[in-house]
Amino acid sequence: MEINVDFLVSGCNTQCKHCYVNGGPGPLMRTDDALACIEKLDQIAAFFPNSMSFTLDHEPMNHPEIGMILDAASHTKHITNFHHGMTTGLGLMARGDREAVIQAYLENGYIEFGITLHGVSAHHDEIVNRKGAFEKAVAAARFLSQMGCTVQISLMVNRFFAEDADQISRLIDDVKADDIYFAIPIFTPHANMMRFEPYRATLETFEAILCYLPRWNQNAEEILEKARENSVGMAEKRLESMDLQSLWKEEQDTLYLSLHQDCMLYVGNSGVETQVIGDLRELAPEMVADVIRNLPGNSDYGAFYDIANLPSMANTLEAVKALPRNLVYGDFASILYRAFADLDIPTKLLSKI
Ligand code: SF4
């Protein structure tokens, strides 16, 4: 089983409406704690050869001593640091030492960075809940490109895309990103997620942007097909011939843990934690390895709900049918979670939904 630790050394500068990872400004992890935790995780990883990684998540560029942390992260023996490189640009562009920060990333082998667009100007700012965020994200993309980094743009579709498509195209041409990704937000049983629902793209949004997709390096037919497959209308059809019980019991091959700024280690990705393991600084590596060995994977389905609490097939189908049929989600599981939110199904999550 793959094991990933969501390692949070600092908070995020935005509070995106679709965020299930509790984005938002958070405290900083002390540098000595961060270095001690990297070392401890490396000792734990020795019990799981080639299976353990961590991600410096949220906005590590907010940490004043990020260079030192990156250096430690890239010199571990048993654990790999997965660098997703996504940034809001707000922390980076506010730093007077931004060249040195990016230089530290480059020297440690991290060359890829990305910004996410949720539309242009005020639309982007509305989704991420921060005025001026669009401008900073674009400025960061240009700055990273000038520094010799590979720059990616992730287009996180929502209803604004139909109106903003022309300007998005012009921006893509202007920034000259090396790669462009296209993503449909998922839904997890986290309280924040309902804030995004009024913005969720519909099948009509996809039809409106179809002619722009080739310009955004996307295969229009594939994207439209994926949107149809993950629409509420299609989920209704799938449910009619599905054995939900076996879906919940499906084995999952990834275990997510999260390490917060106070060094508390949790089971579950950031924002969807289900169990406290303890203060990593004080835990023996053998003990944590034993706990991990006995945990099931938690990437989906049964990770968030006790099977005993799940509604019957008839109630699930009824709740899915009550949703607008044209809404499009990142995956089928998201549609079920969205329906369960209306049914008020209790979850295993530590935070209240
Ligand atoms: S989605 Fe990412 S950028 Fe947005 S608030 Fe959450 S962690 Fe921050």
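For the structure, check the block above.
Residues numbered from 1 in each chain as written. Predicted model: local features only at pLDDT ≥ 70, side-chain atom pairs only at ≥ 80, totals over all residues. Heavy atoms only, no water.

Student: Tell me about the site of the ligand, and name the residues and values.
Tutor: Inspection of the region around the ligand gives nine residues, with Cys 12, Thr 14, Cys 16, Cys 19 and Val 21 positioned closest. Mapping the ligand onto the cavity grids shows that it belongs to the largest pocket. Within the shell around the ligand, the residues separate by chemical class into four nonpolar, five polar and no charged. (Near = heavy atom within 4 Å. 1 Å grid on protein atoms, 1.4 Å probe; cavity = no way out; pocket = protein on both sides within 12 Å on 5 of 7 lines; lining within 4 Å. Sits in = over half its atoms within 2 Å of the grid points. Nonpolar A, V, L, I, M, F, W, Y, C, P; charged D, E, K, R; others polar.)

Student: Provide a residue-level description of the sheet that holds strand 6 (residues 179–183), including the pertinent values.
Tutor: Working definition: the strands of a sheet are paired by backbone hydrogen bonds and lie parallel or antiparallel to each other. With parallel pairing, the three strands of this open sheet are ordered in space as 4-5-6. Here the strands that pair on one side only, and so sit at the sheet edges, are strand 4 (112–117) and strand 6. Strand-to-strand twist across the sheet, computed as the mean angle between neighbouring axes with direction ignored, equals 25°. Where strand 4 lies against strand 5 (residues 150–156), six bridges are found, and the strand directions are parallel. Each bridged residue has a counterpart across the sheet, and for Glu 112 the counterpart in strand 5 is Thr 150. (Pairing = 2+ DSSP bridges. Helix = DSSP H or I, 4+ residues; strand = E, 2+ residues; numbered from the N terminus. Axes fitted to C-alpha atoms, helices over the stretch in contact; angles between N-to-C directions.)

Student: Give a detailed account of empty space enclosed by the protein, specifying residues and quantitative values.
Tutor: Considering all chains together, one arrives at one cavity of 30 Å³ or more under this definition. Put simply, the largest cavity is a space of about 110 Å³. Lining of the largest cavity is provided by 14 residues; of these, Leu 56, Pro 60, His 83, Gly 85 and Tyr 105 occupy positions nearest its centre. Taken together, the residues of the lining of the largest cavity sort by class into eight nonpolar, five polar and one charged. (Points joined across faces, edges and corners; volume = space filled by probe spheres on them.)

Student: How would you explain the pairing of strand 5 if you had to name every residue and give the values?
Tutor: Buried residues dominate strand 5, accounting for seven of its seven residues. Every second residue of strand 5 is oriented toward a common face, with Thr 150, Gln 152, Ser 154 and Met 156 on one face and Val 151, Ile 153 and Leu 155 on the other, all of them buried. Pairing geometry for strand 5 and strand 6, over five bridges, is parallel. The partner of Leu 155 across the bridge, within strand 6, is Phe 182. Tracing the backbone out of strand 5, into helix 7 (residues 160–175) and back to the parallel element strand 6 gives a crossover that is right-handed. (Buried < 20%, exposed > 50% of the residue type's maximum accessible area, 1.4 Å probe, protein only. Right-handed = clockwise from strand over helix to strand, strands pointing away.)

Student: An account of the environment of Ala 140 is needed here, citing residue identities and associated values.
Tutor: With respect to the element layout, Ala 140 can be found in helix 6 (residues 133–146). Residues Ala 140 and Gly 89, spaced 51 residues apart in sequence, show a C-alpha to C-alpha distance of 5.0 Å. With residues up to four places along the chain from it excluded, the contact list for Ala 140 reads Gly 89 and Met 93. (Contact = heavy atoms within 4.5 Å.)

Student: With reference to specific residues and values, describe the environment of Asn 62.
Tutor: By the element assignment, Asn 62 lies in the loop between strand 2 (52–56) and helix 2 (66–73). Considering only alpha carbons, one finds Asn 62 and Ala 36, 26 residues apart in sequence, at a separation of 19 Å. In this view, Asn 62 contacts Ser 10, Gly 11, Cys 12, Asn 13, Leu 28, Gly 91 and Arg 95; residues no more than four positions away in its chain are not counted. Engagement of the side chain of Asn 62 in a polar contact is seen with the side chain of Asn 13, the distance being 2.9 Å. (Polar contact = N/O pair within 3.5 Å; in protein donor to acceptor, adjacent residues only side chain to side chain.)

Student: I'd love a proper account of the pattern of salt bridges, names of residues and values included.
Tutor: Per the counting criterion, the structure on display carries 12 salt bridges. Here Arg 95 makes a salt bridge to Asp 97, at a shortest N to O gap of 2.8 Å. Its relative accessible area of 11% is what places Arg 95 among the buried residues. Given the relative accessible area of 35%, Asp 97 is considered partly exposed. Across the pair Arg 325 and Glu 236 runs a salt bridge, and its minimum N-O distance is 3.2 Å. Taken together, the residues span a long stretch of sequence, with Arg 325 in the loop between helix 13 (313–321) and helix 14 (332–343) and Glu 236 in helix 10 (residues 232–240) at a distance of 89 residues. The buried category is assigned to Glu 236, whose relative accessible area is 9%. The network of salt bridges with common partners includes Arg 30, Asp 32, Asp 33, Asp 279 and Arg 281. (Salt bridge = Lys/Arg side-chain N within 4 Å of Asp/Glu carboxyl O.)

Student: Requested: an account of the layout of surface pockets, with residues and values cited.
Tutor: When its volume is computed, the largest pocket comes out at roughly 1,200 Å³. Asp 57, His 84, Met 86, Thr 116 and Met 156 are, among the 38 residues lining the largest pocket, the residues nearest its centre. At the level of elements, strand 1 (2–7), helix 5 (121–128), helix 6, strand 5 and strand 6 are the ones that each hand at least two residues to the lining of the largest pocket. Of the residues contributing to the lining of the largest pocket, the split by class is 19 nonpolar, 16 polar and three charged. Counted as a void, the second largest pocket has a volume near 280 Å³.

Student: Residue-level account of the nonpolar core, with values.
Tutor: Formed by 81 residues in total, the largest nonpolar core has its most connected members in Ile 102 and Trp 216. Among the elements that make up this core, the one with the highest residue count is helix 6 (seven residues). If near-sequence neighbours (up to four positions away) are discounted, Ile 102 is found in contact with Met 61, Leu 92, Phe 113, Phe 143, Leu 144, Met 147 and Cys 149. Judged by nonpolar contacts, the second largest core, of 28 residues, contains Trp 248, Leu 310, Ala 339 and Ile 345. (Core = buried A, V, L, I, M, F, W, Y, C linked by side-chain atoms within 4.5 Å.)

Student: Which residues make up the state of the cysteines, and what values do they have?
Tutor: Applying the stated rule across the entire model yields zero disulfides. In this structure Cys 149 is a free cysteine whose sulfur lies 19 Å from that of Cys 12, the closest cysteine sulfur available. (Disulfide = S-S within 2.5 Å.)

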